[in-house]
Each structure stands twice: as C-alpha cells, then as structure tokens.
Amino acid sequence: MQASIQPGRDAATQYVLRLGDTCLILGQRIAEWCGHAPVLEEDIALTNMSLDLIGQARALLTHAGQISGLGHDEDQLAFLRDERDYLNPTLVELPRGDFAFTVLRNAMVATFLKLMWQRLSASSDAELAAIAGKALKESRYHQQHACDWVVRLGDGTDESARRLKAALAQLWRYSAELFEDEAIDEQAAASGLGPKWSELQADWRAEMAALLAAVKLPVPADSVYRSTGRRGVHSEHMGFILAEMQYLQRAFPGGVW
Amino acid sequence: MNQTAVVSTSGAGGALGPVWQVLGTVLDPEVPALSVVDLGLVREVLAHDDGLEIVLTPTYSGCPATELIEQNVLAAVAAAGLGPARVTMRRAPAWTTDWISPEGRQKLFDYGIAPPGPVDLSEGVPMHFVGRTPSGRRLACPRCGSLQTERLSAFGSTACKSLYRCMSCREPFEHFKPI
C-alpha cells in the first residue's frame, strides 16, 4: 500500500492544483461514458474531450509539483493525495447522470474553462500561460459541442426537454461555488498568476443566460447552498471516484504500462 | 548539455538542412501521410557543441502520440548518424493547423483527409444549434471534389479530426479540424 503525499500548501501551488483537479476529475467522470454513450459519435466525442481534459490536468499537475518545490510529479499528485487535498469544485465530481446531465455540465464547465484559459493566457507565469494558450483552443470546441447538444435536447422531444430541465435544476446550485473567492484567489490576482475565479462570473452568467434563452429555460434563482469541494470538503461521491482512480497506484506503487 | 546554440534553424534551407531532411521522413503515427515537418510540429533545430536539440510542439494537450513522436524523431536522427540529439517540448505559442505546410495540405487531401481551412475564431458561436454543416464554408470531398458534404461527427478517430460524408460519391471522409 502506497502512502499518501502532502501537496504544497502555498497559494500558487494550490491555485494551479485547483484548476488541474477540475480538469482531472471531470475528465475521469466523462470517460465513464466510454462504451455507454447513446450514439457512437457521442461516445467518441466524450472520450476525446476526456482526453483533452486529462492532458490539461497532466500539464497543470506537473507544473503545480514544480511550483511547490516538493518534487511531486503528475502521477503522484493525481493518484496519491487524500480526498481532502483535492481542490476541484463539487460540480465536476457529481455522478455522470443521464446524457442531458452530462452535456449540460460539460457546457457549464467548458464555458468556465474557456473564460479561465483566456485570462490565464496573460498569466505572469509563462508556463501557465502556455498551458492556457493550448487548452483554450480545446475548450472552445468542447463548449461549442456541449452547447450544441444543450440546444438539441432543449429543442428536441418532450422527453429530452424534460431531462434537460431536470438536469438544470440539479446542477445550477453547484455553480455558485465556482465564483466564491478564497485566500488563494487574492494572492493569485495580486501576483499576476491568474484571475480570482469570481472575476469570471459576469461573463459566465452572460454566456449561460444566452444558452438557456436559446432553449427557453429561465436562469434558475440563486441558491443559498454552497458546495465546498474547492476547500477539500467533497460530496459523498468523491471517495468512490478516487478509489477507482487510485487503486492501481496504491496497490502497485509506481506501476507503469 | 551546453546551452549555447552554435547554429539555430527554423527551416530546411539553413546549415542544418540534412537534419531537416531526416525529420521530413519521420511520419506522424496517427496521420502517416504527413511528416512531423509537414505538420509544423518541428519548431526549431539547434546545433550545440555537444549535439543537436530538436524543438517540438505538441498538437493537443492529451494527444497520445506525443511521446511516440519524440521517440521516433530521436531514432531517425540516430539512424542517420547525425550524432547525439535531444528533444525539447515547446508549448508556446500553441500549435495551430495554420502551420501545416502547403505540401502537407496536399498530402492530406491525397490521403483522403480534408485539410483544415484557416483558423477563424469568430466561427462557432456556442449558443446555436450547429447541425451537420457547421459553417458557411463547405468542405470539398477529398475523393470526388464535390461540395455536397455534411458533418457526421464533431470528433473523429483521433483528437485532431472530425468525420464527414460526401452526398455525391457517398463516401465518408475525415477532416483535419482547424485549431
């Protein structure tokens, strides 16, 4: 059994880890559709998007390990942390649900990431800016594809519209967490590393409002509920996804293909 | 390794022409009609006192061929007897399909893959139904040249491609996505 590692606790490391974990966990979640998507084209689409997200996560976790100065590599950070040390928002760890839930969440996250990569392209950290410059191209395509499906479902059959509406009701309250400021946001903004996540809220809401208007769904009212995944306090689903991800590295330390 | 570049070249015409020629024979593992030079993956070749440095740029963040390309480049340089070499990855500026050479585009077309058009960032307004003809510009079928084509799938067999079909000759074909 491989022991857990403790990631760096400094603001810059945590800021990069938080974004890397967002890509990592969503990438893992949508990979679950491999072999299960409703049509072959979407099976390919979801696994391709997963591949992009995991590629982005690899670059970010590698960089976080370098910033921390603790010598952790991407695999150690992906597979050997305890649950409380994963900093992704709860939104991305929720079970994949039905296809409507998956495409709506992908639209929400891809829109968020696109805005994030745009801002990070001007980061004072050259490596982070380079990662963002590449990821931006990928997220644009993900957003277009996911939003296309939101419109298809919302404007499709009664059943598809019903499922999309149900997915929105379930997902919306997890979006507020994306735009809460933490101490690491203040420090990242001050150092020029990247924006406070709250700075993306207005643009994100505008794009989501336009998308929902296209399918004649009202933007849900804000909830007082706040999920807390970014502080390491996750939903009950997180332990299961980590168990699946971590099993091999924990049981066979350092195992490679 | 010594970091001082004795010679630096970004194209086949320079002093390192033989190295670029060898790199021009290293095929992309997933699109074996094109070399890594045709694809614009080789950004620079530098000659240091103690060996060659070949600068590559990755295509997609998660492209599984990246590591294999690196190995193949080093193997080709070694097989040609060009001395010690190493590969460095350069992420910025991000790779774009605009870097695929004109010869590369022709090779793609001849291989049956519709080459990418110029990257247009105004394309793809996210809120609208995209349907099977995502833009005003129609793709020519690489088999019969017909413009009566439609998109079947936004994603294809590899990260860099999408899937189309021709309504005239009825054949499916792949399209290299512009990014």
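Residues numbered from 1 in each chain as written. Chains lettered and ligands numbered in written order. Predicted model: local features only at pLDDT ≥ 70, side-chain atom pairs only at ≥ 80, totals over all residues.

A word on the overall build of chain A
For chain A, the count of helices and strands is nine helices and zero strands. Its helices and strands taken in sequence order, chain A reads α-α-α-α-α-α-α-α-α from the N to the C terminus. Taken over the C-alpha trace, chain A has a radius of gyration of 18 Å; the compact-globule value for 257 residues is 18 Å, and the two agree within 12%. With the C-alpha coordinates aligned to their principal axes, the bounding extent of chain A is approximately 55 × 40 × 35 Å. Going through the 257 residues of chain A one by one, you find that 51% of them count as buried. Long-range contacts, defined as pairs at least 24 residues apart, comprise 76% of the intrachain contacts of chain A with a sequence gap of at least 6. (Helix = DSSP H or I, 4+ residues; strand = E, 2+ residues; numbered from the N terminus. Rg over C-alpha atoms; globule rule 2.2 N^0.38 Å. Buried ≥ 20, exposed ≤ 12 C-beta atoms within 10 Å, placed from the backbone. Contact = placed C-beta atoms within 7 Å.)

Focus: the interface of chain A and chain B
In this complex, chain A contributes 30 residues to the contact, which on the side of chain B involves 20 residues. Taken together, the elements giving at least two residues each to the side of chain A that touches chain B come down to helix 2 (40–68), helix 5 (126–154) and helix 8 (201–214) of chain A. Top contributing element to the side of chain A that touches chain B by residue count: helix 5 of chain A, with 16 residues. The class makeup of the residues in the side of chain A that touches chain B is 14 nonpolar, seven polar and nine charged. (Nonpolar A, V, L, I, M, F, W, Y, C, P; charged D, E, K, R; others polar.)

Digging into the domain arrangement of chain B
All names here are of chain B. Here chain B is partitioned into domain 1 (5–95) and domain 2 (102–176). Of the residues lining the interface, 10 residues belong to domain 1; the matching set on domain 2 comes to nine residues. Here the residues of the side of domain 1 that touches domain 2 sort into six nonpolar, two polar and two charged. (Domains from an automatic or database assignment.)

Remarks on the sheet that holds strand 6 (residues 149–153) of chain B
Read from one edge to the other, the open sheet built from four strands follows the order 5-8-7-6 (chain B), with strand pairing classed as mixed. The outermost strands of the open sheet, each flanked by one partner alone, are strand 5 (113–114) and strand 6 of chain B. (Pairing = 2+ DSSP bridges.)

A word on the environment of Val-151 of chain A
Within the secondary structure, Val-151 of chain A sits in helix 5. Residue class for Val-151 of chain A comes out buried when judged on the 22 C-beta atoms lying within 10 Å of it.

What about the pairing of strand 2 (residues 42–48) of chain B?
Looking down a regular strand, the side chains alternate between one sheet face and the other. All names here are of chain B. Pairing of strand 2 with strand 3 (residues 51–56) involves six bridges; the strand directions are antiparallel. Each residue of the ladder has a partner; that of Ala-47, found in strand 3, is Leu-52. The antiparallel hairpin formed by strand 2 and strand 3 contains two residues in its connecting segment.

Re helix 2 of chain A
Residue and element names in this part refer to chain A. The end-to-end C-alpha distance of helix 2, which contains 29 residues, comes to 42 Å, matching closely the 42 Å that a straight helix rising 1.5 Å per residue would cover. In terms of burial, helix 2 is a largely internal element, 23 of the 29 residues being buried. Where helix 2 terminates, the next one or two residues include Gly-69, which has phi positive at roughly 75°. (Expected span 1.5 Å × (residues − 1).)

Points about the confidence of the model for chain B
On average, chain B scores 86 in pLDDT, and the residues at 70 or more come to 85%. Model confidence for the complex is summarised by a pTM of 0.92, with the ipTM given as 0.84. (pLDDT = per-residue confidence, 0-100.)

A word on the packing of helix 4 (residues 99–120) of chain A against helix 8 of chain A
Residues and elements named next belong to chain A. It is at 10 Å that the axes of helix 4 and helix 8 come closest, and there the two elements cross at 140°. Our pair here, helix 4 against helix 8, has a crossing hand that is right-handed. Along the contact surface, helix 4 presents Ala-107, Met-108, Thr-111, Phe-112 and Leu-115, while helix 8 presents Asp-203, Trp-204, Glu-207, Met-208 and Leu-211. Among the residues forming the contact of helix 4 with helix 8, the class breakdown is seven nonpolar, one polar and two charged. (Axes fitted to C-alpha atoms, helices over the stretch in contact; angles between N-to-C directions. Left-handed = near helix turned anticlockwise from the far one by under 90°.)

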